[in-house]
Amino acid sequence: MDIKNKINRKVSVAPMMDCTDRHDRFFMRLMSKNVMLYSEMVATKSAIHGDRKKILSFSEEEKPLALQVGGSDKKELAEVSKIAEDMGYDEININLGCPSKKVQKNKFGACLMKEPDLVGECINSMVNSCKIPVTAKTRIGFDQTEDFEYLNSFLNQIKMAGCNTIMLHARKAILKGLSPKQNLTIPKLNYQMVYDIKKENPNLEIIINGGITKIEEIKNHLVHCDGVMIGRLIYQNPFFLVEIEKNIFNNKKNPTREEVVKQLLEYLEKEVKIGTKVNHIMRHTVGLYHGQIGSKDWKRYLSNNMMARDSDFQKSKHIMTIVQNNEKANQVIV
Ligand SMILES: Cc1cc2nc3c(=O)[nH]c(=O)nc-3n(C[C@H](O)[C@H](O)[C@H](O)COP(=O)(O)O)c2cc1C
């Protein structure tokens, strides 16, 4: 089978700066083996000239894993694609959807939607420099442009360049006047536009993204699209990954929160020995008890013991007491 078809993108966790780092991805993998994971966006120049071990390294457990890159220099994008392949990433994804000012200044992200020819050249040079799939994450429009014909022709240019998988955030980007955070809420979601794109391009793999919060919504999107990509919900409520395993992947053997914490502690112990700070790992677990009894106790415990820059690993020894109390309290309710 063509390697490009091997990746299961039915459900992916969206790339999120300051969130989906290697520790968060390891934590997520304890709850889901089947979702596809994406790194935070890495600028081409950082990947090429920065501390590669620090910026790009990952552990085997995180796979399948895509590196998301930001850039618009063909040579740099080609170089990073090759680096990603050599390091063992399963996919390289180009960011064509971020509207932040800094990203625009460096000419990558959503502002590239205005330059389909340049995007085509960039993707083509990526495709020609590696054998892993090159995918693109973009939005349905920008500023005043929310137009099916424009989007369709933009995506066709991407396809002609050799990219067959597109993550489509179902809201446009406003490039001037809105903060990145406002750009995730103010422009209206338009799922129909994404469905129409899939209908018009049955050979393109279309992954829909934006505002997905329920299993029923995932199921409904999967009727129209090839996959869904979920961001904020998973970061706020990571144990929702177990719901996804149960209800979307039909996986009947899933861990409890207690088992997840036990495994994470083993990882924590190993990582602390090689110099990782306790808070760099535990900060991703704040939402583990989202919507559960004991959620406040969990957050209080983390903030009192494990969120400071110099938090001591020894403090984690008491964590299982909180976990077991929560487990009991939630079982009584059921
Ligand atoms: C904190 C945060 C950081 C983000 N960083 C990135 C990023 O690095 N690259 C990217 O393509 N999108 C980024 N996004 C956008 C998400 O990938 C996703 O498209 C967006 O949150 C909509 O999906 P959701 O409604 O499921 O959260 C970020 C979003 C958030 C909330």
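Everything numeric in this text was worked out from a predicted model, so none of it was measured.

S.K.: Explain the overall build of the protein residue by residue, including any values.
M.R.: When its secondary structure is counted, the protein shows 15 helices and 8 strands. Its C-alpha atoms give the protein a radius of gyration of 20 Å, near enough to 20 Å, the size a compact globule of 334 residues would have. Per-residue burial over the protein gives 54% buried out of 334 residues. Considering only residue pairs separated by 6 or more positions, the protein has 72% of its internal contacts joining residues 24 or more positions apart. If you sum the accessible surface of the protein, you get close to 16,000 Å²; carbon and sulfur atoms cover 50% of it. Looking at charge distribution, the protein has the averaged site of its 51 positive side-chain charges lying 3 Å from that of its 40 negative ones.

S.K.: Run through helix H7 (residues 148-160), naming residues and quoting values.
M.R.: End to end, H7 covers 18 Å across 13 residues, agreeing with the expected 18 Å (1.5 Å per residue, within 8%). Taken residue by residue, H7 has Leu151, Asn152, Phe154, Leu155 and Ile158 as its buried positions. Looking straight down H7, one finds that the buried residues subtend no more than 160 degrees of arc, so they occupy a single side. Looking at H7, the residues exposed on the side facing more than 90 degrees away from the buried face are Glu149 and Met160. A positive backbone phi angle near 115 degrees is found at Gly162, which sits one or two residues after H7.

S.K.: Give a description of the pairing of strand E6 (residues 165-169) that names residues and reports values.
M.R.: Among the 5 residues that make up E6, 5 are buried, leaving the element largely enclosed by the rest of the structure. A two-sided burial pattern is seen for E6, the buried positions comprising Thr165, Met167 and His169 on one face and Ile166 and Leu168 on the other. Two elements, strand E5 (residues 134-139) and E6, share 5 bridges in a ladder whose sense is parallel. Bridging from a neighbouring strand, Ala136 pairs with Ile166 of E6.

S.K.: Can you break down the sheet that holds strand E8 (residues 227-230) residue by residue, with the values?
M.R.: Pairing within the closed barrel is parallel, and its 8 strands lie in the order E1-E2-E3-E4-E5-E6-E7-E8. Geometrically, the sheet is characterised by an average inter-axis angle of 25 degrees between neighbouring strands, direction not taken into account. In the sheet, strand E2 (residues 36-43) pairs with strand E3 (residues 65-70) via 5 bridges, with the strands oriented parallel. Bridge assignment links Leu37 to a residue of E3, and that residue is Leu65.

S.K.: Give me the lowdown on unusual backbone geometry, citing residues and values where you can.
M.R.: Residues Lys63 and Pro64 are joined by a peptide bond in cis, for which omega reads 0 degrees. Position of Pro64 among the secondary structure elements: in the loop between helix H3 (52-56) and E3. Here the phi dihedral of Asp18 falls at roughly 65 degrees; this positive angle occurs in a residue that is not glycine. Among the structural elements, Asp18 can be located in the loop between strand E1 (11-13) and helix H1 (22-29). Not every positive phi belongs to a glycine, and Lys107 is a case in point at roughly 60 degrees. For Lys107, the location among the structural elements is in the loop between helix H5 (101-105) and helix H6 (116-127). What makes Lys107 partly exposed here is its relative accessible area of 36%.

S.K.: Before we move on, could you go through the packing of aromatic side chains and cite the residues and values that matter?
M.R.: Evaluation of the coordinates by the stated rule reveals 4 aromatic pairs. Here Phe58 and Tyr89 contribute two aromatic rings whose centre-to-centre distance is 4.6 Å and whose plane-to-plane angle is 55 degrees, an arrangement assigned as tilted. In this pair, Phe58 sits in the loop between H3 and E3 while Tyr89 sits in the loop between helix H4 (74-87) and strand E4 (91-96), placing the two residues 31 residues apart along the sequence. For Phe58, a relative accessible area of 16% corresponds to the buried category. On the accessibility criterion, Tyr89 (3% relative accessible area) is buried.

S.K.: Give a description of the side chain of Ser316 that names residues and reports values.
M.R.: Structurally, the position occupied by Ser316 is in the loop between helix H14 (295-305) and helix H15 (319-333). Judged by its relative accessible area of 3%, Ser316 falls in the buried class. Those residues in contact with Ser316 that lie beyond four places of it in its chain are Leu265, Leu268, Tyr301 and Met306.

S.K.: Quick rundown of the site of the ligand? Include the residues and the values.
M.R.: Close to the ligand lie 16 residues; Gln68, Asn209, Gly211, Gly231 and Arg232 are nearest. Contacts to the ligand include Asn95, whose side-chain N or O atom sits 3.3 Å from a nitrogen atom. Taking Lys137, its side chain carries an N or O atom lying 2.8 Å from an oxygen atom of the ligand. Looking at the shell around the ligand residue by residue, the class counts come to 7 nonpolar, 7 polar and 2 charged.

Cut-offs applied
- Residues numbered from 1 in each chain as written.
- Predicted model: local features only at pLDDT ≥ 70, side-chain atom pairs only at ≥ 80, totals over all residues.
- Heavy atoms only, no water.
- Helix = DSSP H or I, 4+ residues; strand = E, 2+ residues; numbered from the N terminus.
- Rg over C-alpha atoms; globule rule 2.2 N^0.38 Å.
- Buried < 20%, exposed > 50% of the residue type's maximum accessible area, 1.4 Å probe, protein only.
- Contact = heavy atoms within 4.5 Å.
- Areas by Shrake-Rupley, 256 points an atom, 1.4 Å probe, with all protein chains shown as cover.
- Lys, Arg positive; Asp, Glu negative; His and termini not counted.
- Charge placed at Lys NZ, Arg CZ, Asp CG, Glu CD.
- Expected span 1.5 Å × (residues − 1).
- Arc of directions from axis to C-beta.
- Pairing = 2+ DSSP bridges.
- Axes fitted to C-alpha atoms, helices over the stretch in contact; angles between N-to-C directions.
- Phe/Tyr/Trp six-rings, centres within 6.5 Å; stacked < 30°, edge-to-face > 60°.
- Near = heavy atom within 4 Å.
- Polar contact = N/O pair within 3.5 Å; in protein donor to acceptor, adjacent residues only side chain to side chain.
- Nonpolar A, V, L, I, M, F, W, Y, C, P; charged D, E, K, R; others polar.

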